[in-house]
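What follows is each chain in one-letter form.
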Amino acid sequence: MRNKFDEQLELLKKQMIQMGALCEGAIANATKALIDGDIELAEKAIAADGNIDQKEKEIESLCLKLLLQQQPVARDLRQISSALKMITDMERIGDQAADISEITMLANIKAADNTNHIVDMAKATIKMVTDSIDAYVRQDLGLAKAVIDYDDVVDNLFNDVKADMIRLINEDTNNGEFAIDLMMIAKYFERIGDHATNIAEWVVFSITGKHISEV
C-alpha cells in the first residue's frame, strides 16, 4: 500500500513540475511577444492558459484521490494539501501571462528602450516560479525562503518601471496611453511575483507545518 502511495506522490511531483513548466513557458512567450511585437507568440501565451487550467484539474483530481483513498498523515498530508493551494496560484499565473499578451496584442505594443525594467521583471518572475516549484519537489526549505526574499527584487523593479513611465509622460504627454499599457503589464508581472511567493510560503508549510511568519 505504501509503495503505491509513494508512486502516486512521485506522480504528483512530476505533474507539479509540468504545470510549473507551462507557467514558465507562458511568461517567457508573453515577454518575448512584448519585446518583439510577435502576435503569434502572444497567441501561444494565451493558448497556454487553457493547458494550465487543464493541468490544474488533473493535479486536483490526483490530490483528492490521494486524500480519500490513501488517508495520508503528517508530512504527506501537508505535502498534498499544499499542492492543492499551490496550483491555484499557478493557475492565476497562467491567467496573468495571458492578460499580458492580450494587452500586447490589443495595444499593438512593441518594446522599446522604455521596457528594459519590465523585461528584467519577467526574468525575475520566471526564476521565482521555477525555484518555488523546485523547492516543493526537493522539499528545500532554504530555496523556498530565498524565493520569498526575492520578491523584493520584483517589487523594486516595479518601482523602476513606474519611474520610467513618469519620465516618458513628462517627455511627451502623447506617450500617456502607451505608458498606461506598460504599467498594466508591469503590474501583472508584479502579481506573478506575489503568486510565486505564495507558492513558496506553502512549500515552507509543507516542510515545517508552520506558516512562514512562525518559522
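Residues numbered from 1 in each chain as written. Predicted model: local features only at pLDDT ≥ 70, side-chain atom pairs only at ≥ 80, totals over all residues. Heavy atoms only, no water.

The condition that has to hold: UniProt positions are given in the numbering used here, feature names are shortened, and annotations may be inferred rather than shown by experiment.
Going by what an unreviewed UniProt entry lists, the chain is known as Phosphate-specific transport system accessory protein PhoU and is assigned to Acetivibrio mesophilus. Recorded under Subcellular location (unreviewed entry), the UniProt text for the chain is reproduced unchanged: "Cytoplasm". Of the comments in the UniProt record for the chain, the one headed Function (unreviewed entry) reads "Plays a role in the regulation of phosphate uptake."

## Side note on the overall build of the chain
Here is the rule we go by: Secondary structure elements follow DSSP: runs of H or I of four or more residues count as helices, runs of E of two or more count as strands, with numbering from the N terminus. When we talk radius of gyration, it's over C-alpha atoms, and the globule rule is simply 2.2 Å times the number of residues to the 0.38. Only protein chains enter the calculation, and the probe is 1.4 Å; a residue is then buried if its accessible area is under 20% of its type maximum, exposed if over 50%, and partly exposed in between. Whether two residues are in contact is decided by their heavy atoms: any pair within 4.5 Å suffices. All tallies of charge rest on Lys and Arg as positive and Asp and Glu as negative; His and the ends of each chain are not included. Here the site of a charge means atom NZ of a Lys, CZ of an Arg, CG of an Asp or CD of a Glu.
A count of helical and extended segments in the chain gives 6 helices and 0 strands. The linear arrangement of helices and strands in the chain, starting from the amino end, is α-α-α-α-α-α. Here the C-alpha atoms of the chain give a radius of gyration of 19 Å, agreeing with the 17 Å that 2.2 N^0.38 yields for 215 residues. Out of the 215 residues in the chain, the part that is buried amounts to 47%. Across the chain, contacts joining residues at least 24 apart in sequence account for 84% of those joining residues at least 6 apart. Taken together, the 23 basic and 38 acidic charged side chains of the chain have centroids lying 8 Å from each other.

## Remarks on the pattern of salt bridges
Put simply, the rule is: In what follows, salt bridge is the name for a side-chain nitrogen of Lys or Arg lying within 4 Å of a carboxyl oxygen of Asp or Glu.
A complete count under the given rule lists 8 salt bridges for this structure. A salt bridge links Lys187 to Glu190; the nearest nitrogen and oxygen atoms lie 3.0 Å apart. Placement of the pair is Lys187 and Glu190 together in helix H6 (residues 176-208), with a separation of 3 residues, close to one helical turn. With relative accessibility at 10%, the residue Glu190 sits in the buried group.

## Notes on the UniProt feature "domain: PhoU" (unreviewed entry) in the chain
Under the present numbering, the feature "domain: PhoU" (unreviewed entry) in UniProt falls on residues 17-103 and 118-203. Here residues 17-103 is 94% helix and 0% strand, with 28 Å between the C-alpha atoms at its ends. Summarising residues 118-203: 93% helix, 0% strand, and an end-to-end C-alpha distance of 27 Å.

## A word on the packing of aromatic side chains
Short version of the rule: Here the aromatic set is Phe, Tyr and Trp, taking the six-membered ring for Trp, and pairing holds for ring centres within 6.5 Å; pairs whose planes are under 30 degrees apart are stacked, those over 60 apart are edge-to-face, and all others are tilted. Only when the NZ atom of a Lys or the CZ atom of an Arg is both within 6 Å of the ring centre and within 35 degrees of the ring normal do we say a charge sits over the ring.
Going through the model one piece at a time under the given rule, you end up with 1 aromatic pair. Measuring from centroid to centroid gives 5.6 Å for Trp202 and Phe205, while their planes differ by 85°, and the two rings are edge-to-face. Taken together, the residues Trp202 and Phe205, both in helix H6 and 3 residues apart, mark about one turn of the helix. Overall, the relative accessible area of 17% leaves Phe205 in the buried class. Its end group placed over the ring of Tyr150, Lys127 keeps NZ or CZ at 5.5 Å from the ring centre.

## So, the environment of Met105
As for its position among the elements, Met105 is in helix H3 (residues 74-106). Between the alpha carbons of Met105 and Gln8 there is a distance of 41 Å; along the sequence they are 97 residues apart. Every residue in contact with Met105, bar those within four places of it in the chain, is listed here: Ile39, Ala42, Glu43 and Ile46.

## Considering the packing of H3 against helix H4 (residues 116-138)
Under the convention used in this document: Axis definition: a line fit to C-alpha positions, over the contact stretch in the case of helices; interaxial angles, taken between N-to-C directions, run 0 to 180 degrees. Angular relationships are summarised with four words: roughly parallel below 35 degrees, roughly antiparallel beyond 145, roughly perpendicular across 65 to 115, and oblique for the angles in between. Less than a right angle of anticlockwise turn of the near helix away from the far helix marks a crossing as left-handed, whereas a clockwise turn marks it as right-handed. Gly counts as polar in this scheme, as do all residues outside two lists: the nonpolar Ala, Val, Leu, Ile, Met, Phe, Trp, Tyr, Cys and Pro, and the charged Asp, Glu, Lys and Arg.
Contact geometry for H3 and H4: axes closest at 12 Å, N-to-C directions at 165°. Taken as axis vectors, H3 and H4 run roughly antiparallel relative to one another. H4 is crossed by H3, and the crossing has left-handed handedness. For the pair formed by H3 and H4, the contact residues are Gln79, Ala83, Met86, Met90 and Ile93 on the first element and Val129, Ile133 and Tyr136 on the second. Looking at side-chain class alone, the contact of H3 with H4 contains 7 nonpolar, 1 polar and no charged residues.

## Quick look at H6
Our working definition: One less than the number of residues in a helix, times 1.5 Å, gives the span that helix is expected to have.
Its 33 residues give H6 an end-to-end C-alpha distance of 48 Å, which sits within 8% of 48 Å, the value for a rise of 1.5 Å per residue. Gly209 occupies a position one or two residues after H6 and carries a positive phi of about 80°.

## A word on the nonpolar core
Just so we agree on the cut-off: Remark: nonpolar core denotes a set of buried residues (Ala, Val, Leu, Ile, Met, Phe, Trp, Tyr, Cys) joined through side-chain atoms within 4.5 Å.
Leu12, Met16 and Phe189 are the most contacted members of the largest nonpolar core, which totals 59 residues. The set of elements that each furnish at least two residues to this core consists of helix H1 (2-36), helix H2 (39-70), H3, H4, helix H5 (141-171) and H6. The biggest single contributor to this core is H6, with 13 residues. Setting aside its immediate chain neighbours within four residues, Phe189 contacts Ile27, Thr31, Ile100, Ile118, Met121, Ala122, Thr125 and Val154.

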